[in-house]
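Each chain is listed here by its residues.
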Amino acid sequence: ETGVTQTPRHLVMGMTNKKSLKCEQHLGHNAMYWYKQSAKKPLELMFVYNFKEQTENNSVPSRFSPECPNSSHLFLHLHTLQPEDSALYLCASSQDRGIGEAFFGQGSRLTVV
Amino acid sequence: AQSVTQLGSHVSVSEGALVLLRCNYSSSVPPYLFWYVQYPNQGLQLLLKYTSAATLVKGINGFEAEFKKSETSFHLTKPSAHMSDAAEYFCAVSNFGNEKLTFGTGTRLTIIP
C-alpha cells in the first residue's frame, strides 16, 4: 500500500461520544499534518508534527487531541464534539527539510449529531 | 511571512474553452509554488509544482502554470476544458526554511456542457 491512508472515510458521532481518526503514510516522510475543511471556509491547519514531535497547534480546542506515536502514524482523538465540528478532516505528510510538497489522504468526513 | 491570493472563488467555462485560474503570492524569499486539485469528498491531489527550475511548469491532466516573478503570479491554465476538470483548485506556497504549505482559499471550477 502506498501514499497516505485515512480511516474511517465517514464517521457519524454524537456529542458525547469518543472516537478517533487514523492516518498512515507509507512515503517515508517525517512531517505529518491535520487539516480541517468546512463548507465555504478555507483549509484550516490544525496540527503539525515533525519527527513525532508536535511543532504547531493552531489554537485548536482541547476536544481535539492529536497523537503521533511514530513518523508513519497520526491520530486525532475526538470527544465531546459540537455540531460545528462537522467537516472533512484531511491528513497530509511531507518530507521534513524538503520543499513542503504535501501528500494528502482521502479525508475523513465527520458528522456530529 | 508568506501568503496566497486566489482571485475568483468560482469560475465557469464552456467545455473546450480555455481554463485560467489566478493565483498571486507573497513571499519574502524565493517561493516554491503548488497547484492542487480536489474532487468532491476527496483529498487534495498535486497538479504541478514550481521549485525554481523552469518557469513554465507542466502538470497532470494537461494543466500548466507559469511563474512570473515580476507579477508575483502563478496562474493555472489548460487550453481546452473537459467535463472531468470540474473540481476545486488550490494554490499554495512554501519556501526554504518554512516548508509548511500556505493555501489559498480555493477556486471552484464549473464546466458548462
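Reference entry: report on the structure contained in this document. Computed from a predicted model, the values in this text were never measured in an experiment. (Residues numbered from 1 in each chain as written. Chains lettered and ligands numbered in written order. Predicted model: local features only at pLDDT ≥ 70, side-chain atom pairs only at ≥ 80, totals over all residues. Heavy atoms only, no water.)

Applying the stated criterion across every chain yields a total of two disulfides over all chains. In this model, A:Cys23 is linked to A:Cys91 through a disulfide, with the two sulfur atoms separated by 1.9 Å. Disulfide A:Cys23-A:Cys91: the torsion about the S-S bond is -75°, which places it as left-handed. Of this pair, A:Cys23 sits in strand S3 (residues 18-25) while A:Cys91 sits in strand S9 (residues 87-94), placing them 68 residues apart in sequence. No difference in accessibility class separates A:Cys23 from A:Cys91, as the two residues are buried. Two residues, B:Cys23 and B:Cys91, share a disulfide whose sulfurs are 2.0 Å apart. Every disulfide takes its handedness from the sign of the S-S torsion; for B:Cys23 and B:Cys91 that torsion is -65°, giving left-handed. Here B:Cys91 lies in strand S10 (residues 87-95) and B:Cys23 lies in the loop between strand S3 (19-21) and strand S4 (24-27), a separation of 68 residues in the sequence. In this pair, the class of B:Cys23 matches that of B:Cys91, namely buried. Left without a disulfide partner, A:Cys68 is nearest to the cysteine sulfur of A:Cys91, which lies 9.0 Å away. (Disulfide = S-S within 2.5 Å. Helix = DSSP H or I, 4+ residues; strand = E, 2+ residues; numbered from the N terminus. Buried < 20%, exposed > 50% of the residue type's maximum accessible area, 1.4 Å probe, protein only.)

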